[in-house]
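# Survey of secondary and tertiary structure
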Amino acid sequence: MYSEIRHLHLELSSGCNARCPGCTRHILDNKVSYLNPLVPHNNLTVKDIENIFSSTNIVEKVQISLCGDMGDPLFNKDIVNIIYKIIELRPFSKICIDTNAGLGKEEVWVALANIKHKTVVGNNIFAGNLTINFSIDGLEDTNHLYRRNVQWEKVMKNAHTFISNGGHADWKYVVFDHNKHQIEEARDLAMKLGFKTFYTNFNLTDDFDFPNIKISDEMNFNKVIEKHNYKGFVDDPECKNEKTIYVGATGDVFPCCHLGSAPYDNRLQTRLEVKEVMQIRNIKYKSFHSIVNETFWEKLDKRIKTNPIETCIQRCGKFTK
């Protein structure tokens, strides 16, 4: 299943400056967003990157997504050195960073902007490209309604610093009821600021009234669904078709980020099911190359086809019950 890896999803940090109500970092209960006590606080390191990219299973022109499942990649203070290490080991890779853009020092944004096609690292010339997706869901009066704790002035400053220093920036706009009327105005602003592209994504979370959800600094795990019955099938798993794999900030290895966040779900059955099926593998204790070459992945492929777990049905299949 993983003799060839074409897409690598790395979560550089499980830490984040934001308090987005729909994130795995939080648990919604009666219109209050509480901290999820199961979420760990970890970062991938340069040593971890060396471990991962020592695998010959990763193709030379691998697509790399530095996108948080629970955290923001800019929360990792070693992000620049990590990217340089990736370039050193895979100079033809295509690297994409997703961030809420409300954090990071100015010198970090300048350094990221200066990583271009001709960047020289050791004996290698970076022949790929680095793109940053700015996840901005609205304008000054609406972005914070979902991207809680993200300061608009900081986002605009970071965008200006990155773009003015030659960085390739795209604006990713998640559409909610509270911001759908501002899409065209945001598109115009994006072009004015120098973003290369502006595109929209539809909200994939449940239909919550996000602007009216309260944020609590308390931890709460009261809203736990103990058991639920389901049936379904998965004909076309994305992880297999796109040759993709995910490494969380803890070092745990999963086929995708959806399974990567399942161990922290407030549904006990989901947590136990994923842990049982996945038998968690971690690059902190084992080489990435040995992990992706285990026969386990073939067994997982058969399990997905014959008796898929709920997370796989939800993301890549269809429920029949």
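Since the model is a prediction, treat every value here as computed from it, not as a measurement. (Residues numbered from 1 in each chain as written. Predicted model: local features only at pLDDT ≥ 70, side-chain atom pairs only at ≥ 80, totals over all residues. Heavy atoms only, no water.)

This part is about the overall build of the chain. Counting its regular elements, the chain contains 12 helices and 16 strands. Taking 2.2 N^0.38 as the reference for a compact globule, 321 residues should give roughly 20 Å; the C-alpha atoms of the chain span a radius of gyration of 20 Å, in line with that estimate. When each of the 321 residues of the chain is scored for burial, the buried share is 55%. Total accessible area computed for the chain in this model is approximately 15,400 Å², and 49% of it derives from carbon and sulfur atoms. Looking at the chain, you have 41 positive and 40 negative side-chain charges, and the mean spots of the two groups are 4 Å apart. (Helix = DSSP H or I, 4+ residues; strand = E, 2+ residues; numbered from the N terminus. Rg over C-alpha atoms; globule rule 2.2 N^0.38 Å. Buried < 20%, exposed > 50% of the residue type's maximum accessible area, 1.4 Å probe, protein only. Areas by Shrake-Rupley, 256 points an atom, 1.4 Å probe, with all protein chains shown as cover. Lys, Arg positive; Asp, Glu negative; His and termini not counted. Charge placed at Lys NZ, Arg CZ, Asp CG, Glu CD.)

Let's shift gears to helix α6 (residues 183-193). In an α-helix there are 3.6 residues to a turn, and that puts residues three or four apart on one side. Listing the buried residues of α6 in full gives Ile183, Ala186 and Ala190. Looking straight down α6, one finds its buried side chains confined to an arc of 65°; they lie on one side. Facing away from the buried surface of α6 by more than 90 degrees, the exposed residues are Glu185, Asp188 and Lys192. The secondary structure elements touched by the buried residues of α6 are β9 (168-175) and β10 (197-202). Glycine 194, located one to two residues past α6, shows a positive phi value of around 105°. (Arc of directions from axis to C-beta. Contact = heavy atoms within 4.5 Å.)

On the surface, Glu140, Asp141, Glu153, Glu185 and Asp188 cluster together into a patch of negative charge. Tracing the backbone shows glutamate 140 in the loop between β8 (129-135) and α4 (143-146). (Patch = residues over 30% accessible without salt bridge, like charges linked within 9 Å, V, L, I, M, F, W, Y side chains within 5 Å. Salt bridge = Lys/Arg side-chain N within 4 Å of Asp/Glu carboxyl O.)

Right, let's get into the pairing of strand β3 (residues 32-35). With 4 bridges joining them, strand β2 (residues 26-29) and β3 adopt antiparallel strand pairing. Along β3, the bridge assignment pairs isoleucine 27 with tyrosine 34. The antiparallel hairpin formed by β2 and β3 contains 2 residues in its connecting segment, where asparagine 30 sits at a positive phi of about 55°. The pairing of β3 with strand β11 (residues 214-219) spans 3 bridges and is classified as parallel. In the strand pairing of β11, serine 33 is matched with isoleucine 215. (Pairing = 2+ DSSP bridges.)

Take the nonpolar core next. Ranked by size, the top nonpolar core spans 87 residues in total, and within it Leu8, Leu10, Phe53, Leu112, Phe134 and Phe288 carry the most contacts. If sequence neighbours within four positions are ignored, leucine 8 has contacts with Ile52, Phe53, Ile58, Val62, Gln63, Ile64, Ser65, Ile245 and Phe288. (Core = buried A, V, L, I, M, F, W, Y, C linked by side-chain atoms within 4.5 Å.)

For the structure on display, the rule yields 12 salt bridges. Here glutamate 88 makes a salt bridge to lysine 85, at a shortest N to O gap of 3.1 Å. With glutamate 88 and lysine 85 both in helix α2 (residues 79-89), this residue pair falls 3 residues apart, about one helical turn. On the accessibility criterion, lysine 85 (14% relative accessible area) is buried. Three or more residues are tied together by salt bridges with common partners; here these are Glu50, Lys85 and Glu88.

Glancing now at the side chain of histidine 26. Within the fold, histidine 26 resides in strand β2. A residue is classified by how much of its surface remains accessible, and histidine 26, at 6% relative accessible area, is buried. Of note is the side chain of histidine 26, whose polar atom sits 2.7 Å from the side chain of arginine 19. Beyond its immediate chain neighbours, meaning those up to four positions away, histidine 26 contacts Ala18, Arg19, Cys20, Pro21, Ser33, Tyr34, Leu35 and Asn36. (Polar contact = N/O pair within 3.5 Å; in protein donor to acceptor, adjacent residues only side chain to side chain.)

What follows deals with the sheet that holds β10. With mixed pairing, 9 strands are arranged side by side in an open sheet as β10-β9-β8-β5-β4-β1-β13-β14-β15. Lying at the two open borders of the sheet, with one neighbouring strand each, are β10 and β15 (281-282). Sheet topology note: the strand β13 (residues 244-247)/strand β14 (residues 252-254) ladder contains 2 bridges and is antiparallel. Within the sheet, the bridge partner assigned to tyrosine 246 lies in β14 and is phenylalanine 254.

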